[in-house]
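Below are the chains, spelled out letter by letter.
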Amino acid sequence: LESCLADARARGATRYVFLGDFVGYGADPHGVVEVISEYVAQGAIAVRGNHDEAVCGSAVYMNEMARCAIDYAKQVLSPPQMLFLRNLPLIVREGSCCFVHASAASPEKYPYIDSPSAAQRCAEASEAAHTFCGHIHDQRLYFAAQGPRMTMFRPTPGVAVPIPAHRRWVALVGSVGQPRDRNPQAAYAIFDSARPAITFCRVPYDYHAAAERIREVGLPDPIAHRVENGI
């Protein structure tokens, strides 16, 4: 998170949006929530993810490994941090943009955008030209070339992609904490609303140290392994 924020500042970012799952898998949920809450206090947007909802006690399905991370987060988060997560919105619309953790179609159910048809449902429900989602631990861009049907495009990191507002776009911006495309570098995206264009970014950081920290706090070793290998 810190590496991505530093990279975004260096690239000239002036506002920040955080797309959920601030807890779960990582060894420092309290530190992450502290950073996010500070940015929100300064005008950033943040939305609630399924892991954030689970840590607040909602009946969200989690596998055993994820449940261990949720139980750990419950132990280390302060009451104000728990309240912050509980009060996060599921979806935010602003200008030409819609921000949501999973999909604008039934955001409370946290469906995966794993196909053009799922992206189409999201785009239609978002009521926006540009929809930005997390949830999928990979970077993808869906767009409607002709009519409502969506096409999937896999972006090249660091290359700006024009995304004009006369079409509908669904951007899956990737994961800061646990990418799953066999590249352990942190992932995020920058949206230039003036052009408009999106640049998908990958940021090197000490993921070995992050993995070791996961082991130190007693979380399951496969979580650390995924961070080290981007799987």
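Quick summary incoming for the structure in this document.

## Details of the pattern of salt bridges
Okay, so step 1: In this structure the tally under the stated criterion is 10 salt bridges.
Okay, so step 2: Note that Asp 7 and Arg 11 form a salt bridge whose closest N and O atoms lie 2.8 Å from each other.
Okay, so step 3: Looking at Arg 11, the relative accessible area reads 44%, which means it is partly exposed.
Okay, so step 4: With its nearest N and O atoms 3.2 Å apart, the salt bridge here joins Arg 213 to Asp 28. On the criterion of sequence distance, the pair formed by Arg 213 in helix 7 (residues 207-216) and Asp 28 in the loop between strand 1 (17-18) and helix 2 (29-41) is long-range, its members being 185 residues apart.

## Notes on the sheet that holds strand 9 (residues 169-173)
Okay, so step 1: Taken in spatial order, the 6 strands of this open sheet run 3-4-5-9-6-7, and their pairing is mixed. In this open sheet, the two strands that pair with only one neighbour each are strand 3 (91-94) and strand 7 (150-153). Strand-to-strand twist across the sheet, computed as the mean angle between neighbouring axes with direction ignored, equals 15 degrees.
Okay, so step 2: Summarising the sheet, strand 6 (residues 139-144) and strand 7 pair through 4 bridges and their orientation is antiparallel. Following the sheet pairing, Leu 141 is matched in strand 7 by Phe 153.
Okay, so step 3: The strands touched by helix 6 (residues 116-126) are strand 3, strand 4 (97-100), strand 5 (130-133), strand 6, strand 7 and strand 9; relative to strand 7, the strand with the most contacts, the crossing angle is about 115 degrees.

Rules and cut-offs
Residues numbered from 1 in each chain as written. Predicted model: local features only at pLDDT ≥ 70, side-chain atom pairs only at ≥ 80, totals over all residues. Heavy atoms only, no water. Salt bridge = Lys/Arg side-chain N within 4 Å of Asp/Glu carboxyl O. Buried < 20%, exposed > 50% of the residue type's maximum accessible area, 1.4 Å probe, protein only. Helix = DSSP H or I, 4+ residues; strand = E, 2+ residues; numbered from the N terminus. Pairing = 2+ DSSP bridges. Axes fitted to C-alpha atoms, helices over the stretch in contact; angles between N-to-C directions. Contact = heavy atoms within 4.5 Å.

All we've got here are geometric facts, nothing functional implied.
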